[in-house]
Amino acid sequence: MNKRKVLGVTGIRSEYDIMSSVFRAIDSHPMLDLELIVTGAHLSDAYGLTVNEIKQDGFTIADEIESLLNSDQASSRVKGLAIQLQGLVQAVKRVEPEFLLVLGDREESMTTALVGAYMNIPVAHIAGGDRVVGNVDDQIRHAVSKLAHLHFVTNQDSADRLIKMGEQSFRVYNTGNPGLDRIREVPLLSREELSERLGFKIEDQEPLILLIQHVISTEIDEAYFQMKQTLEAVRKLGIKTIISYPNSDAGSQQLINALQEYKDLSFIYMAKNIPRLEFINIMRQADCLLGNSSSGILEAPLLKLPVINVGNRQKGRLHAENVQFVPHDVEAIMGAVRKAIHDTDYKSSVMNCVNPYGDGFSSQKIASILAEIEIDEKLLVKDITY
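The following paragraphs examine the structure supplied in this document. The shown structure was predicted, so the numbers you read here are calculated from the model rather than taken from an experiment.

1. Some details on the side chain of Gln314
Of note, Gln314 is situated in the loop between strand E12 (307-310) and strand E13 (323-326). Here Asn292 takes part through its backbone oxygen, which lies 3.1 Å from a polar atom of the side chain of Gln314. When residues no more than four places from it in sequence are discounted, the contact partners of Gln314 are Val132, Asn292, Ser293, Ser294, Ile297, Asn309 and Phe325.

2. Some remarks on the packing of aromatic side chains
Evaluation of the coordinates by the stated rule reveals 4 aromatic pairs. It is Lys240 that lies over the ring of Phe200; its NZ or CZ is 5.3 Å from the centre.

3. So, the pattern of salt bridges
One pass over the structure, following the stated rule, counts 25 salt bridges. A salt bridge links Arg276 to Asp57; the shortest N-O distance between them is 3.1 Å. Of the two residues, Arg276 is situated in helix H11 (residues 276-285) and Asp57 in helix H2 (residues 51-57); the sequence distance between them amounts to 219 residues. With a shortest N-O distance of 2.8 Å, Asp130 and Arg317 are connected by a salt bridge. One end of the pair, Asp130, is in the loop between strand E5 (123-126) and helix H5 (136-147); the other, Arg317, is in the loop between E12 and E13, and 187 residues separate them in sequence. For Asp130, a relative accessible area of 2% translates into the label buried. Members of the salt-bridge network, linked through shared partners, are Asp17, Asp57, Arg182, Arg276 and Glu299.

4. A few points about the environment of Ile282
Structurally, Ile282 is set in helix H11. A C-alpha to C-alpha distance of 16 Å links Ile282 and Ala340, two positions 58 residues apart in sequence. Here Ile282 is in contact with Leu194, Leu198, Leu210, Ile242 and Ile274, once residues within four sequence places are set aside.

5. Details of the sheet that holds strand E9 (residues 240-244)
The strands making up a sheet associate through backbone hydrogen bonding, with each pair oriented either parallel or antiparallel. The strand order E10-E9-E8-E11-E12-E13 describes an open sheet built from 6 strands, whose pairing is parallel. In this open sheet, the two strands that pair with only one neighbour each are strand E10 (268-271) and E13. For this sheet the average axis-to-axis angle between neighbouring strands, irrespective of direction, equals 20°. Pairing analysis gives 4 bridges linking E9 to E10, with the strands arranged parallel. Opposite Ile242, over in E10, you have Tyr269 as the bridge partner.

Quick notes on the rules
- Residues numbered from 1 in each chain as written.
- Predicted model: local features only at pLDDT ≥ 70, side-chain atom pairs only at ≥ 80, totals over all residues.
- Heavy atoms only, no water.
- Helix = DSSP H or I, 4+ residues; strand = E, 2+ residues; numbered from the N terminus.
- Polar contact = N/O pair within 3.5 Å; in protein donor to acceptor, adjacent residues only side chain to side chain.
- Contact = heavy atoms within 4.5 Å.
- Phe/Tyr/Trp six-rings, centres within 6.5 Å; stacked < 30°, edge-to-face > 60°.
- Lys NZ or Arg CZ within 6 Å of the ring centre and 35° of its normal.
- Salt bridge = Lys/Arg side-chain N within 4 Å of Asp/Glu carboxyl O.
- Buried < 20%, exposed > 50% of the residue type's maximum accessible area, 1.4 Å probe, protein only.
- Pairing = 2+ DSSP bridges.
- Axes fitted to C-alpha atoms, helices over the stretch in contact; angles between N-to-C directions.

The analysis is restricted to geometry; functional conclusions fall outside its scope.
Below, the structure is given as structure tokens:
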């Protein structure tokens, strides 16, 4: 029996970090063959040229599609999407995969779903069905779910939501969040080893903040102010803080402009991209995760890491007891950080939190389903159950 060719599409470092364990499981499966389309922010030096990490991981890259526009306008993402769509059509036509595979809610998920739907190639979509409020990504996620043929959801609530959306139950698999797999797999570094690799000294028992904050598509004009509020809280606290650059969304340059104003503070370490080994170990060593990254919702509970989610991003999303939600206000942010680091009762409750997003063994489940499910008319021809 010939191997099934799975064509994965990846567009940004944060999504690739989640998908890397899935790609590894597919690549090592005896009945599957993996190739990748690399696009978006991966090919931009401004965001760390993270295509190099993919190459270091040894995956076969079928094509590189440059689609990220150097613009801070709301129109730039959809223009980039159009460029990406054209390139993806040509690449898929050449590669002729049995499956297209994509994660989440960004441009590459929409382009992949459209190509699969029109070219009659089954699309496997990871992390559909989540309920989040306030960002265009949320609308994209649900639109992709209506186009996709297979759903690998991260939690039971999302599985139930897709069924309510009219998706046929045989298409929906609750495999959990594959972002947990990489946490389980990445080797442990001591603070001393981590400090040496970063070139940033983190003393034992010293409080440490990890800061990741992104733009909300409906609040682009407020992005600079929002970032400044968080950074002012960090400055006043004076706690060692490691900052990873935001995603390449419209308005991100405003965040970067704000970040540049604080880069010379001695207790701040800032990077365009933090490699997986170092990033996971920063999460392990941190006393709290500050900002609005989905890592705080999806992965931090596994590490019993307190999270301060600032603003409306992630609002309404299923989460564990490790998350505090606060507004873009310096004093509120400072209070929440102090609670996360110093409040023993709160820290104890976080240590007992339960992660609703799986057990860290999602990737093997996904690979097995892709290898074994029948590719037939039942899979390819979608129906609505209502």
